[in-house]
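# Architecture and fold: a report
Each chain is listed here by its residues.
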Amino acid sequence: MTGNREVITGNDFKRMIAGAYSAFLLEYENINALNADSLMDEKAGTHVLRTIGAAAMSLRDLQADSIGGVSKRVGSAAVLGAHGNAGVLISQILRGIAKGLAGKYDASSSVFGKSFQYGILYAQRAVNDEVERPLIITAKAVAKGAYNAVRANLPIAEILTEAIKAGGIALSQAEKKNGFVDAGAKALMVFLQGCRAGLDGNYVSPVLLFSSGFKKSHDVPNPKFDIVYTYAVSFSLVKCRASISDLEKMLNPLGKVIVVKSLDDRITVYLHTDCPGLVVGQAVDWGQIEDIKIQNLAMPHDLKNVDKTIMDIAILAVADDEKTAQSLEQLGAIAVITQDKVSGPAVGDLINLIHGDIAKNYIILSNNKSSSLVMAQVKRLLKNNIEILYTNNVEEQIKALKAFDVNETLKVNLQNMHEAI
């Protein structure tokens, strides 16, 4: 049998992400109300909404047409914008899809179906425990449904339909067995249904939902707060015609973690941005550019070279409000206050802070189990210099901080802090 010649394009994939985001705007509160014990994530709907929001916002000015380029941008933004355990798992699905579509201008039904299987595999790896959660069970059924549809030579839309059908059966079986609908598994199904609607163009634009005053009575996360800065850009300027203060002013709208230093006859620049081409395009007017380096922060990487650090070990403690932050800072921590205590920190929030070169080594003190996969994702991306101490509340954070000794090594401090809680 010859394969069908239908292809999916980058623009098709953009519509799928918009459809998924639109679906979660409608359903995230319903998902929040479901049982989330298997993920230890009480706000799974909000967390996935904000994760897909980061992915959607990465496409707002993207000119690329290739599905490989679009999916790579989406996957990277989702990884850094991931909130909560549920958000991390969805981000890994998008990262796996991007892996399967890498280097493709457009994708056949076979390639597209296989990319979804990559996505499920990445999600399974992210959990990395012996308990097979309902989300993973449902995801495996989705992957099998997609695989069978590809083998049957079905069109791309029908591959998604069959994947959703298989996932729906698995979800129903899990509900019958457990007596409840699992929030993580339901989130996966809403995501796929949104992608399917987006592929057909059968969805309400998120722009229209916001502009029409959608859910004014509820606290819908504003997607502009979920913009992530995926790339670390560094370069040198020779014969620079601008002062350091002027360079900082010009770079400020383009990113975060902006470092501008004068070194001998040149100026070195480092920043995190979501548009490296725009940064370099503007920099050509400031002087002669040399030693350009662009690094994807959503991929495993080393910290940039540290010239001078404030301390050997810094403790980053996640706090829900200013009062808690003050209590933690009085004990020597650097408090990470999130814009929204419901969602907790995004992966990118912690990446940006750590790249600020506060210290050589870091201990992250979590404050609840719903962000445990967020912390694990930070550690995976930075590879070294990062240790995580999981705590359940601010009382345990305080006990751990009181056991910290600035004169001890990282290993000894970790052991003492762990024993204290």
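Anyway, here's the lowdown on the structure attached to this text. (Residues numbered from 1 in each chain as written. Predicted model: local features only at pLDDT ≥ 70, side-chain atom pairs only at ≥ 80, totals over all residues. Heavy atoms only, no water.)

### Comments concerning the overall build of the protein chain
Each helix and strand in the protein chain was counted, giving 16 helices and 10 strands. Computed over the C-alpha atoms, the radius of gyration of the protein chain is 22 Å, within 12% of the 22 Å expected from 2.2 N^0.38 for a compact globule of 421 residues. In the protein chain, which comprises 421 residues, the proportion classed as buried is 52%. Summed over its atoms, the accessible surface of the protein chain is roughly 19,200 Å², and 50% of this surface lies on carbon and sulfur atoms. Across the protein chain, 44 positive and 44 negative side-chain charges occur, with their mean positions spaced 5 Å apart. (Helix = DSSP H or I, 4+ residues; strand = E, 2+ residues; numbered from the N terminus. Rg over C-alpha atoms; globule rule 2.2 N^0.38 Å. Buried < 20%, exposed > 50% of the residue type's maximum accessible area, 1.4 Å probe, protein only. Areas by Shrake-Rupley, 256 points an atom, 1.4 Å probe, with all protein chains shown as cover. Lys, Arg positive; Asp, Glu negative; His and termini not counted. Charge placed at Lys NZ, Arg CZ, Asp CG, Glu CD.)

### What to know about the nonpolar core
Among the nonpolar cores identified, the biggest contains 97 residues, and Phe13, Met16, Phe24, Leu94, Phe191, Ile354 and Tyr362 are the most heavily contacted of them. For phenylalanine 24, the contacting residues outside a window of four places in its chain are Ile31, Gly45, Val48, Leu49, Ile52, Ala187, Val190 and Phe191. Counting 16 residues, the second largest nonpolar core, distinct from the first, contains Ala333, Ile363, Leu401 and Leu414. (Core = buried A, V, L, I, M, F, W, Y, C linked by side-chain atoms within 4.5 Å. Contact = heavy atoms within 4.5 Å.)

### Concerning the pattern of salt bridges
Once their charged atoms are close, side chains differing in charge can pair, the charge on each being opposite to the other. Inspection of every chain in the model, using the stated rule, returns 9 salt bridges. The salt bridge partner of aspartate 291 is arginine 266, with a shortest N-O separation of 3.4 Å. Placement of aspartate 291 in strand E6 (residues 288–296) and of arginine 266 in strand E5 (residues 266–273) is noted, with a sequence separation of 25 residues between them. Residue class for arginine 266 comes out partly exposed when judged on its relative accessible area of 23%. Note that glutamate 387 is salt-bridged to lysine 379, the shortest N-O span being 3.6 Å. According to the relative accessible area criterion, glutamate 387 is partly exposed, its value standing at 28%. One connected set of salt bridges, linked through shared partners, spans Asp265, Arg266, Glu290 and Asp291. (Salt bridge = Lys/Arg side-chain N within 4 Å of Asp/Glu carboxyl O.)

### A look at the environment of cysteine 195
Note on placement: cysteine 195 falls in helix H8 (residues 183–200). Assessed through its relative accessible area of 2%, cysteine 195 is described here as buried. Along the chain, cysteine 195 and glutamate 162 lie 33 residues apart, while their C-alpha atoms are 13 Å from each other. If sequence neighbours within four positions are ignored, cysteine 195 has contacts with Met16, Ala20 and Leu160.

### Thoughts on the side chain of aspartate 41
With respect to the secondary-structure elements, aspartate 41 resides in the loop between helix H1 (10–32) and helix H2 (44–57). Only 2.7 Å separates the side chain of aspartate 41 from the side chain of histidine 47, close enough to count as a polar contact. A distance of 2.9 Å separates a polar side-chain atom of aspartate 41 from the backbone nitrogen of alanine 86. Ignoring sequence-local partners within four residues, the contact set of aspartate 41 consists of Ala36, His47, Gly84, Asn85, Ala86 and Ser370. (Polar contact = N/O pair within 3.5 Å; in protein donor to acceptor, adjacent residues only side chain to side chain.)

### Structural notes on the packing of aromatic side chains
Applying the stated criterion across every chain yields a total of 1 aromatic pair. An angle of 75 degrees between the planes, with centres 5.2 Å apart, marks the rings of phenylalanine 112 and phenylalanine 116 as edge-to-face. Within this pair, phenylalanine 112 and its partner phenylalanine 116 are both found in helix H5 (residues 109–127), separated by 4 residues, close to a single helical turn. Of the two residues, phenylalanine 112 and phenylalanine 116, neither departs from the other in class, the shared state being buried. (Phe/Tyr/Trp six-rings, centres within 6.5 Å; stacked < 30°, edge-to-face > 60°.)

### Observations regarding the sheet that holds strand E4 (residues 255–263)
Across the sheet, which stays open at both edges, the 4 strands sit in the order E4-E5-E3-E6 with antiparallel pairing between neighbours. Looking at which strands have only one partner, the edges of the open sheet turn out to be E4 and E6. Adjacent strand axes in the sheet meet at a mean angle of 10 degrees, parallel and antiparallel pairs treated alike. (Pairing = 2+ DSSP bridges. Axes fitted to C-alpha atoms, helices over the stretch in contact; angles between N-to-C directions.)

### Observations concerning unusual backbone geometry
One non-glycine residue, lysine 239, adopts positive backbone phi at about 55 degrees. For lysine 239, the location among the structural elements is in the loop between strand E3 (231–238) and helix H10 (244–251). Lysine 239 gets classed as exposed once you look at its relative accessible area, which sits at 66%. Within the chain, aspartate 291 stands out as a residue other than glycine whose phi angle is a positive 55 degrees. By relative accessible area, aspartate 291 is classed as exposed at 54%.

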